[in-house]
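Observations on chain architecture
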Amino acid sequence: MTPQIYHVDAFTTEPFRGNSAGVVLNADGLSETQMQLIARELRHSETAFLLKSDDSDVRIRYFTPTVEVPICGHATVAAHYVRSKVLGLRDCTVWQTSLAGRHRVDILSEGDDLRVALEQGAPTFEPPLEGETRAAILAALGLDENDMLPGLPVQVASTGHSKVMVPLKPEVKIDTLAPDLPALAAISQRIGCNGFFPFLIRPGKAETDGRMFSPAIGIAEDPVTGNANGPMGAWLVHHGLMAHDGKQLRIRGHQGRAIGRSGVVDISVTIRDNQPEKVTISGAAVILFHAELAIRI
């Protein structure tokens, strides 16, 4: 079948907001080189290529304009939103495989539209980044220790795709950050993590504001990032920074405002013994347009 290419804005119901993703249905006939070239041509931070799978409902490969990545939150929401619209799916569970493993995805009714929920991988936390490395990260982000929540680490957290958590005081003007992108890219090579997520907690609310920079893989700033907000939710529970009932914490992660692409990631953290056990992110989406791939493959 001819590959079908969709432009989707995820984590929003408004066109030209949230995080744009490419979605390519019927991608089985494409080579890895062709997938990378298509992702480069589309210029989204990630493009998802949907393929047949022997052990799941669908297999997905994810490409930035420069490299393949294991998984991507907003492109997963976009991919399953498109697939569900095309196949008429609603209020069901599907399973996907990717380089990050096998994941559950729930397709949920939301009025006349749909919401997609992705169960991410098990939360993990690396040792804190300290000393010269911590100082270099803060300097590259245009921050200093006075901007940081006291007593908390700068730390890599992951629910399948790692990000550096940088917790800020609520009074920091996060929208004015202007990081040194080459410096961040160089730090990524040293620490083995490509994304930096400075964020702050809105006072008195289970809501956050964040920004995500990943220049090492060609993304100066990602508008709304499922693979940053999910680990952030786990990190907040891990460090006891938000009240919860001992079983679950729900958070709304706001992102994208600084670059005119506001969106929201809904985060649900399942808790056991006061530690995060499972993270699910969910979001809405909107399709802007789609087209057939015209070239012969």
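One can find the structure itself at the top, above this paragraph.
Everything in this summary refers to the structure shown in the same document. Being a predicted model, the structure only gives us computed values, none of them experimental. (Residues numbered from 1 in each chain as written. Predicted model: local features only at pLDDT ≥ 70, side-chain atom pairs only at ≥ 80, totals over all residues. Heavy atoms only, no water.)

1. Some thoughts on the overall build of the chain
- Check the secondary structure of the chain and you find five helices and 19 strands.
- Relative to the globule expectation of 19 Å for 297 residues, the C-alpha radius of gyration of the chain, 18 Å, shows essentially globular dimensions.
- By residue count, 56% of the 297 residues in the chain fall in the buried class.
- Within the chain, contacts between residues at least 6 apart in sequence are counted, and of these 61% link residues at least 24 apart.
- Summing over all exposed atoms, the chain offers an accessible surface of approximately 12,800 Å²; the carbon and sulfur share of this is 49%. (Helix = DSSP H or I, 4+ residues; strand = E, 2+ residues; numbered from the N terminus. Rg over C-alpha atoms; globule rule 2.2 N^0.38 Å. Buried < 20%, exposed > 50% of the residue type's maximum accessible area, 1.4 Å probe, protein only. Contact = heavy atoms within 4.5 Å. Areas by Shrake-Rupley, 256 points an atom, 1.4 Å probe, with all protein chains shown as cover.)

2. Points about the nonpolar core
- Among the nonpolar cores identified, the biggest contains 54 residues, and Val23, Leu50, Tyr62, Leu236 and Ile267 are the most heavily contacted of them.
- Each of domain 1 (4-119 + 285-292) and domain 2 (124-281) gives at least three residues to this core.
- Excluding its chain neighbours within four sequence positions, the residues that come into contact with Ile267 are Asn229, Gly230, Met232, Gly233, Leu249, Arg250, Ile251, Gly253, Val279, Thr280 and Ile281.
- Ranked by size, the runner-up nonpolar core spans 22 residues in total, among them Leu138, Val156, Ile174 and Ile187. (Core = buried A, V, L, I, M, F, W, Y, C linked by side-chain atoms within 4.5 Å. Domains from an automatic or database assignment.)

3. Focus: the pairing of strand E3 (residues 47-51)
- Burial analysis of E3 places five of its five residues in the buried class, which makes it a mostly covered element.
- The alternating pattern of E3 places Thr47, Phe49 and Leu51 on one face and Ala48 and Leu50 on the opposite face, and all of these are buried.
- In this sheet, E3 lies alongside strand E2 (residues 19-25) in parallel orientation, the contact comprising three bridges. Across the sheet, residue Val24 finds its bridge partner in E3, namely Phe49.
- Note on the crossover from E2 through helix H1 (residues 32-42) to E3: the handedness is right-handed. (Pairing = 2+ DSSP bridges. Right-handed = clockwise from strand over helix to strand, strands pointing away.)

4. A closer look at the pairing of strand E16 (residues 248-255)
- Pairing of strand E13 (residues 207-210) with E16, which is carried by four bridges, proceeds in the parallel orientation. The residue bridging Gly210 from the neighbouring strand is Gln255, located in E16.
- Judged from the eight bridges that link them, E16 and strand E17 (residues 263-272) form a sheet pairing that is antiparallel. For Arg250, the partnering residue across the bridge sits in E17 and is Ser268.

5. Some details on helix H5 (residues 226-238)
- Over its 13 residues, H5 extends 18 Å from the first C-alpha to the last, a length consistent with the 18 Å expected when each residue adds 1.5 Å.
- Most of H5 is tucked away, with twelve of its 13 residues classed as buried.
- What H5 keeps buried is the set Gly226, Asn227, Ala228, Asn229, Gly230, Pro231, Met232, Gly233, Ala234, Trp235, Leu236 and Val237.
- Just downstream of H5, Gly240 is the residue with a positive phi angle, here 65°. (Expected span 1.5 Å × (residues − 1).)

6. A look at the side chain of Arg211
- In this structure, Arg211 sits in the loop between E13 and strand E14 (212-214).
- Among the polar contacts listed, one links the side chain of Arg211 to the backbone oxygen of Leu177, at a separation of 3.0 Å.
- Among the polar contacts made by the side chain of Arg211, one reaches the side chain of Glu221 at a distance of 2.8 Å.
- Excluding anything up to four places from it in sequence, Arg211 contacts Ile174, Asp175, Thr176, Leu177, Phe196, Phe197, Pro198, Glu221, Gln255 and Ala258. (Polar contact = N/O pair within 3.5 Å; in protein donor to acceptor, adjacent residues only side chain to side chain.)

7. Section: the pattern of salt bridges
- Tallied over the entire structure, the rule returns 16 salt bridges.
- Among the ionic pairs, Arg134 bridges to Glu145, the shortest N-O distance being 2.7 Å. Separated by eleven residues along the polypeptide, Arg134 in helix H3 (residues 131-141) and Glu145 in the loop between H3 and strand E10 (155-158) bring together distant segments of the chain.
- In this structure Glu145 comes out as partly exposed when scored by relative accessible area, which is 45%.
- We note a salt bridge from Arg202 to Glu207, for which the minimum N-O separation is 3.2 Å.
- For Arg202, a relative accessible area of 22% translates into the label partly exposed. (Salt bridge = Lys/Arg side-chain N within 4 Å of Asp/Glu carboxyl O.)

8. Description of the layout of surface pockets
- The space that makes up the largest pocket amounts to roughly 380 Å³.
- Lining the largest pocket are 14 residues, and of these Leu25, Asn26, Asp28, Leu50 and Lys52 lie nearest its centre.
- Elements with a contribution of two residues or more to the lining of the largest pocket: E3 and helix H2 (73-87).
- Broken down by element, the residue count for the lining of the largest pocket peaks at three residues, all from H2.
- Of the volumes computed, that of the second largest pocket is approximately 310 Å³.
- Every residue lining the second largest pocket is counted, 18 residues in all, and those nearest its centre are Ala117, Gln248, Arg250, Ser268 and Thr280.
- Breaking the lining of the second largest pocket down by element, the ones donating at least two residues are strand E7 (101-110), strand E8 (113-119), E16, E17 and strand E18 (275-283).
- Residues that form the lining of the second largest pocket fall into these classes: six nonpolar, five polar and seven charged.
- Lining the lining of the second largest pocket are residues from two domains, each supplying at least three of them: domain 1 (4-119 + 285-292) and domain 2 (124-281). (1 Å grid on protein atoms, 1.4 Å probe; cavity = no way out; pocket = protein on both sides within 12 Å on 5 of 7 lines; lining within 4 Å. Points joined across faces, edges and corners; volume = space filled by probe spheres on them. Nonpolar A, V, L, I, M, F, W, Y, C, P; charged D, E, K, R; others polar.)

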